[in-house]
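# Coordinate inspection notes
Each chain, written out:
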Amino acid sequence: MVEKAYVVMNPTGIHARPAKKIVEAAKICEGTVYLEKGGRKVSAKSLVNVLSIGAKQNDTVTVSAEGEKAEAAVDAIGAVLATAEAE
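The name given to the protein chain in an unreviewed UniProt entry is Phosphotransferase, with the source organism recorded as Paenibacillus glycanilyticus. UniProt annotates the protein chain under Subcellular location (unreviewed entry) with the comment "Cytoplasm".

Rendered as structure tokens:
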């Protein structure tokens, strides 16, 4: 199990475009990948779930993954969360 916490840097939070990048990054891992914020834990492989946690700028999101390539998936999702681009 790999688990890391990241601060959302995007001024508009996690909206459709970064959420899509998170889902794509989660698919690197063949096992399970979760995002957790405020005690709510959702699958990072579902666009609807990723959007549903409502992460805004400066929120802390914990990314956890288990399985093959878990660390690569966590790092890739972390890179999306830590990017300040307002796309």
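Having put the structure on the table, let's press on.
For the rest of this paragraph, the subject is the sheet that holds strand 2 (residues 32-37). Pairing within the open sheet is antiparallel, and its four strands lie in the order 1-4-2-3. Of all the strands in the sheet, just strand 1 (2-7) and strand 3 (40-43) have a single pairing partner and so form its edges. Geometrically, the sheet is characterised by an average inter-axis angle of 25° between neighbouring strands, direction not taken into account. For strand 1 and strand 4 (residues 60-66), the ladder comprises six bridges, and the chain directions are antiparallel. Looking at strand 4, one finds that E3 is bridged to S64. In the packing of helix 3 (residues 70-81) onto the sheet, contacts are made with strand 1, strand 2 and strand 4, and the angle to strand 1 comes to roughly 5°.

A few words on the pattern of salt bridges. Opposite charge on two side chains makes pairing possible when the charged atoms of those side chains draw close. Counted according to the given criterion, the structure contains four salt bridges. For the salt bridge of K37 with D59, the shortest nitrogen-to-oxygen distance reads 3.8 Å. Of this pair, K37 sits in strand 2 while D59 sits in the loop between helix 2 (47-52) and strand 4, and the two are 22 residues apart along the sequence. In this structure K37 comes out as partly exposed when scored by relative accessible area, which is 23%.

The phi angle at N58 is positive, at roughly 75°, despite the residue not being glycine. Relative to the assigned elements, N58 resides in the loop between helix 2 and strand 4. In this structure, K69 is a non-glycine residue whose phi angle is positive, near 65°. Here K69 is to be found in the loop between strand 4 and helix 3. Looking at K69, the relative accessible area reads 48%, which means it is partly exposed.

Parameters at a glance
Residues numbered from 1 in each chain as written. Predicted model: local features only at pLDDT ≥ 70, side-chain atom pairs only at ≥ 80, totals over all residues. Heavy atoms only, no water. UniProt positions renumbered as here; feature names shortened; annotations may be inferred. Pairing = 2+ DSSP bridges. Helix = DSSP H or I, 4+ residues; strand = E, 2+ residues; numbered from the N terminus. Axes fitted to C-alpha atoms, helices over the stretch in contact; angles between N-to-C directions. Contact = heavy atoms within 4.5 Å. Salt bridge = Lys/Arg side-chain N within 4 Å of Asp/Glu carboxyl O. Buried < 20%, exposed > 50% of the residue type's maximum accessible area, 1.4 Å probe, protein only.

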